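Spelled out, the chains give:
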Amino acid sequence: MLAIKNLHATIDQNPILKGIDLEIKAGQVHAIMGPNGSGKSTLAHVISGRDVYDVTQGRIEFMDQDISELSVQDRAAQGIFLSFQYPVEIPGVKNTVFLRAALNAQRKARQEPTLDTPDFLRLVKEKAKQVGLKAELLQRPVNDGFSGGEKKRNEILQLLVLDPKLAILDETDSGLDIDALKTVADGVNTFKGQGKGVLLITHYQRLLDYIKPDVVHVLHNGQIIKSGDFSLAQKLEKNGYGWLGDSIDTPDLSLPTV
Amino acid sequence: MSEVIKTKFKQADKRGDFFDTQKSIWFEAGVICHNFKLDGCYLWTLDQVQLDPVVGKALDAMPSNILYSHLEKATHGVGLIFAEKYSSSQPIYILMDGASSNRDVAPFSLIVFAADQAHAQVHQVHMHEDPSFQQQTIVFGHKASRIDHVTVSKNGFGSKFNHRLIYHAGQSSKINAYTYTLSGDQTKQDIDVLLAGEGAGCVLDGLFLGFETSKVSTKTHVHHLKSHTQSSETYKGVLGDQAKGVFKGRISVAKNVKAIQASQLNQNVLLSETATIDTSPELEILADDVKCSHGATVGSMDMEQLYYLQSRGIEKTEAKRLLLQGFVSDVIPNTVHVDFKPWITTQIEGQLK
């Protein structure tokens, strides 16, 4: 589904990603862990296509197609969704207006029929209930004045409504209490399953207790220095990142068989 | 020169749009026409206005440096007088369009007068196509009156519009004034608000849009002349292409008045490198017991917001349009009549496309 090959990316000519190789197959959940500043969020935004980053080497393939030249919105229409670590507030633009514009823009780009108002509202209300987002927040401006938890629920609502092929969740667990975390995890678990891919970016193992990853990668200084199965996450939780110190110079890029 | 005022009930109008179905005043071949019954709301000539013992006197009492003897100069105009305790669920619409002003481009005077405890709603719409049009509008609220006044300027791209607006709020009265400048080659609005009676208040809000090479200037001056007066002012500007905008907001608080609250905010979005805005607040406060806030912002489109929308699949131009709509969404408040809201919203959105 997603194949990243030797990806190098810079921002303002500062190298952030220094040769990332990553392959996510349909049906898989991958987790990327790593200390602050290791490049986790950058990787998420580079896959999403944010133009403040320059891809200087390597390529990103999605559904066997090189997407390096595609715009942000085209990547979204192809089925890539990024749940933001800090969801953006958009005063004055109603949540439902935004969601509908997004859904219909994607459907149009894929040459599918757009949804009419009753069908759209039925879909959104059902999904909002599922992620525990208060119905009144659908009528409010996007994320404007939402609590941290409400913003994250709103991201998962968008995930379920837009129903992409690949979901990248950037620190979706941060700032959530345990109930919110469970609801969010339930949402993601509903989403994954057949044919979907999930890339979880997280600091802590906490989220991984609810969404079990097939593969765990450790990102350090712009490179994946270790990959393993769920036990790697448990080991990181127990021992921190320090024990990986020696492997920084000899990155282990081999993917485990799952 | 006195005016001929014609009443035309149920007139089949060539405009064939929203205003046909509303109580309105318009101009036909230099003649002022209207299509509503005059129950408690009267159309007067300027002569009648000046000679009236109550209205004429009230206008005379306004500070002469602001009311620069314009009434003597005005040759053309109309008074819209709302009687004591007047109230109606419907506003009066005033239409000023190309056809009406082709014949006579002399300064036009509009006087809106609300007597004690009247609630007047006046929505005036300018759609000039002629090269230059000047108007002076005086909106006078007597004791405990309330006036909701909306001015929409949607003029042709060859049209220069000069609008002088004077609001006078008497004791315990409230004025809600909104100006929407949507198009035109040059649009100048000079606005004075006189909070002239104790307990008077005003909301002075507006939106100005400028595209291509248009020039939009809004100058406001709120005078707190008496104690316990309140003013709140929010202007938003959107400028693209080579448009030039000016916003000057001035607040004066007179000596020896107390318990004053004043706020002013001007927020602008520039859509191109070549669009400009010159914004400045000016405060002139001669009293102590004053709560006053002011602020001005100038920014371009928020890239973070744009990226967020695009990351959900929305095309860049559509994303920009959504963000601009969001930016201007709160300038259409509830005091704009519910029937008029869709019209003005459509006009604004049409300009932002």
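Starting from 1, residues in each chain are numbered consecutively following that chain's sequence as written. To read the labels, note that chains go from A and ligands from 1, taken in the order they are written. In keeping with the model being predicted, local features are shown solely for residues with a pLDDT of at least 70 and side-chain atom pairs are shown and tallied solely at 80 or more, while totals for entire chains, interfaces and linings include all residues.

**Some points on the overall build of chain B**
Stage number 1. From N to C terminus, chain B includes seven helices and 20 strands.
Stage number 2. Residues are called buried when their C-beta atom has 20 or more other C-beta atoms within 10 Å, exposed when it has 12 or fewer, and partly exposed otherwise; all C-beta atoms are positioned from the backbone. When burial is assessed residue by residue, chain B has 46% of its 353 residues classed as buried. Each helix is a run of DSSP H or I of at least 4 residues and each strand a run of E of at least 2, with the numbering of both proceeding from the N terminus.

**Side note on the sheet that holds strand β9 (residues 166-170) of chain A**
Residue and element names in this part refer to chain A.
Stage number 1. Note on pairing: two strands pair once DSSP finds at least 2 bridges between them. Within the open sheet, the six strands sit side by side as β6-β9-β10-β3-β11-β12. Their pairing is mixed. The two strands at the open ends of the sheet, each matched to only one other strand, are β6 (80-83) and β12 (223-228). Shown here is a sheet whose adjacent strand axes are inclined to one another by a mean of 20 degrees, direction ignored.
Stage number 2. The sheet contact formed by strand β11 (residues 215-220) and β12 spans five bridges and is antiparallel. Paired with H217 across the two strands is S227, which belongs to β12.
Stage number 3. On top of the sheet, helix α1 (residues 40-48) reaches β3 (29-33), β6, β9, β10 (197-202) and β11; it is set at about 150 degrees to β9, its chief contact.
Stage number 4. In the packing of helix α5 (residues 148-162) onto the sheet, the strands contacted are β6 and β9, and the crossing angle to β6 comes to about 170 degrees. Axes, fitted as lines to C-alpha atoms, cover a helix only where it is in contact. Angles between the N-to-C directions of the axes lie from 0 to 180 degrees. We call two residues in contact when their backbone-placed C-beta atoms lie within 7 Å.

**A look at helix α7 (residues 230-239) of chain A**
Residue and element names in this part refer to chain A.
Stage number 1. L232, A233 and L236 are the residues of α7 that are buried. Seen along its axis, α7 keeps its buried residues to an arc of 100 degrees; they face one direction. For α7, exposure combined with an orientation more than 90 degrees from the buried face picks out S231, K238 and N239.
Stage number 2. Directly beyond the C-terminal end of α7, a positive phi value near 75 degrees is found at G240. The arc in question is traced by the directions running from the helix axis to the C-beta atoms.

**A few points about the pairing of β10 of chain A**
Residue and element names in this part refer to chain A.
Stage number 1. Extensive coverage of β10 is indicated by the burial of six of its six residues.
Stage number 2. The two faces of β10 match: G197, L199 and I201 on one face and V198, L200 and T202 on the other face are all buried.
Stage number 3. Bridge count for β3 against β10 is five bridges, and the pairing is parallel. By the bridge assignment for β10, A31 is matched with L200.
Stage number 4. Sheet topology note: the β9/β10 ladder contains five bridges and is parallel. Looking across to β10, one finds that A167 is bridged to V198.
Stage number 5. This β-α-β element, β9 to helix α6 (residues 178-191) to β10, shows right-handed connectivity. The definition of a right-handed crossover adopted here requires that, viewed with the strands pointing away, the path from the first strand over the helix to the second runs clockwise.

Geometry only, nothing functional implied.
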